[in-house]
Amino acid sequence: MPWGFDYLIVGAGFSGLTMAERLTTQAGATCLVVERRNHIGGNAYDRYDDHGVLVHTYGPHYFRTNSPRIREYLSQFTEWHPVDYKILSWTHGAYWPFPINLNTFEQFIGRPSTPEEMSAALDKWKIPVASPSNSEEVIVSQVGRELYEQFFKGYTLKQWRRHPRELDASVCGRIPIRTNRDDRYLTEEFQALPAAGYTRLFERMLAACGDRVKVLLNADYREVLPHVNFQHMIYSGPVDEYFDFSEGRLPYRSLRFEAESFTPEELVPREPVSGKKGFWQPAMQVNYPNDHDYTRIVEVKHATGQLCENSTIVREYPEDFGPGKEAYYPIPAPDSSAIYSRYKAKADAEARTSFIGRLATYKYYNMDQVVGMALAEFEKLWKAGDRPC
Ligand code: FAD
Ligand code: UDP
């Protein structure tokens, strides 16, 4: 006897679980969520490691949003721990405030300065580009070549194995450049982490669904298809995989995470370096644009505010995508957009499947954007009215 559900949801990340929560609690629908990993939460999953430290398993996830609606929606399932996300860049033998701001400029010129002097210097250094069309142009047109080469070029080559000229302007354009002393990494109004972690937030979303939801872990949806009846599919996996790569393979970037944990005794000798008792490095994240094979070291305890004597750092090594690797990043570039546009046409023609989230829409989306997309898709289905909702 096949299982019967109103919806089959592929992927238990932010997009899949937002859909499950809305469809069950607002529309009274039943959902089967199928996830091929052994846990819920997708890339935003976090866990306490063997040393008792709360870590972001798939790289640092700094929640931020400008949307009161998305914040209010998620606030039903979590309290928040406000954070000013601060990072440093290690290059030329020193830590530098990053993103580039007045403090960075002062270190660069070796003396105190003012916003006016910094603006005037940038005006002199920047290379005019009428409308920046790639990641090199977007940076050199704001700060000139020297700062671009110091902070962006090497990091980008390492992260994407592509020249910044071969990436959309939006990639490096994500990083703000400021002439004041605001040294926060992000610009959004609301910046905070779920107080008890992301996984707890996801558990509470599922708890709200009650017995209208079933979650099947360690399963690819294709194995499940012959055993379920459903009316509509919500798909948040890679879009090229859904269509059996019929339009060619979309490029992705993968990562390898290497964690290292420290006891309080091991941290003590580093305290003059870390600047803070119980920490290994001086900031939540240090970027390495020009040294080492990794792009960044994250010590997320700085951001979570966890009171824990041990600490864990995670080094992040970019890797090519291939068999056995996770597709962490779509690659925003003209060649990949051309392939994606063919998949998008096919996806638009699939009446019984909704494609949502970072992989199914092949967009370099943040968590809040993915939640916003799921809320909008729910409303679209709701209004269509020809389904259980
Ligand atoms: P995912 O979280 O990828 O979930 C999709 C799920 O579908 C996965 O769990 C996958 O296993 C499952 N799946 C795929 N195919 C199948 C299949 N065939 N069968 C069953 N299951 C399947 N965003 C921020 O806002 N702030 C940050 O600081 C931030 N940092 C990031 C750092 C890194 C290293 C990465 C990779 C991403 C970061 N993001 C950040 C982006 C964030 O992870 C995404 O926006 C968000 O997690 C996307 O949610 P999703 O549900 O679309 O996809
Ligand atoms: N970037 C860079 N130098 C840095 C940080 C970022 O050149 O020190 C560029 C790089 O191309 C990176 C992009 O800006 O991929 C976006 O950075 P972000 O930190 O937002 O990346 P994510 O957290 O999504 O990996």
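Criteria and cut-off values
- Residues numbered from 1 in each chain as written.
- Chains lettered and ligands numbered in written order.
- Predicted model: local features only at pLDDT ≥ 70, side-chain atom pairs only at ≥ 80, totals over all residues.
- Heavy atoms only, no water.
- Near = heavy atom within 4 Å.
- Polar contact = N/O pair within 3.5 Å; in protein donor to acceptor, adjacent residues only side chain to side chain.
- Helix = DSSP H or I, 4+ residues; strand = E, 2+ residues; numbered from the N terminus.
- Nonpolar A, V, L, I, M, F, W, Y, C, P; charged D, E, K, R; others polar.
- Areas by Shrake-Rupley, 256 points an atom, 1.4 Å probe, with all protein chains shown as cover.
- Salt bridge = Lys/Arg side-chain N within 4 Å of Asp/Glu carboxyl O.

(A) Layout of the site of ligand 1. Within the structure, ligand 1 sits among 33 residues, and S15, E35, H61, Y62 and M367 are positioned closest to it. With respect to ligand 1, the side chain of R64 contributes an N or O atom lying 3.1 Å from a nitrogen atom. Those elements giving two or more residues to the shell around ligand 1 turn out to be α1 (14-27), α15 (357-360) and α16 (367-384). Classifying every residue of the shell around ligand 1 by side-chain character gives 15 nonpolar, ten polar and eight charged.

(B) Structural context of the site of ligand 2. The local shell around ligand 2 holds 16 residues, among which T156, W160, Y185, Y329 and Y364 are the closest. At a separation of 2.9 Å, an oxygen atom of ligand 2 approaches a polar side-chain atom of W160. At 2.9 Å, a side-chain N or O of R174 approaches an oxygen atom of ligand 2. Against a free-state accessible area of 520 Å², the protein chains account for coverage of 94% of ligand 2. The element that contributes the greatest number of residues to the shell around ligand 2 is helix α6 (residues 145-160), accounting for six residues. Along the lines of polarity and charge, the residues of the shell around ligand 2 split into eleven nonpolar, three polar and two charged.

(C) Looking closely at the pattern of salt bridges. Taken as a whole and assessed by the stated rule, the structure comprises 29 salt bridges. Across the pair D335 and R162 runs a salt bridge whose closest N-O atoms are separated by 2.8 Å. Taken as a pair, D335 in helix α14 (residues 334-348) and R162 in the loop between α6 and α7 (169-173) lie far apart in primary sequence, 173 residues in all. Through salt bridges with shared partners, a single ionic network connects E136, R145, E149 and R165.

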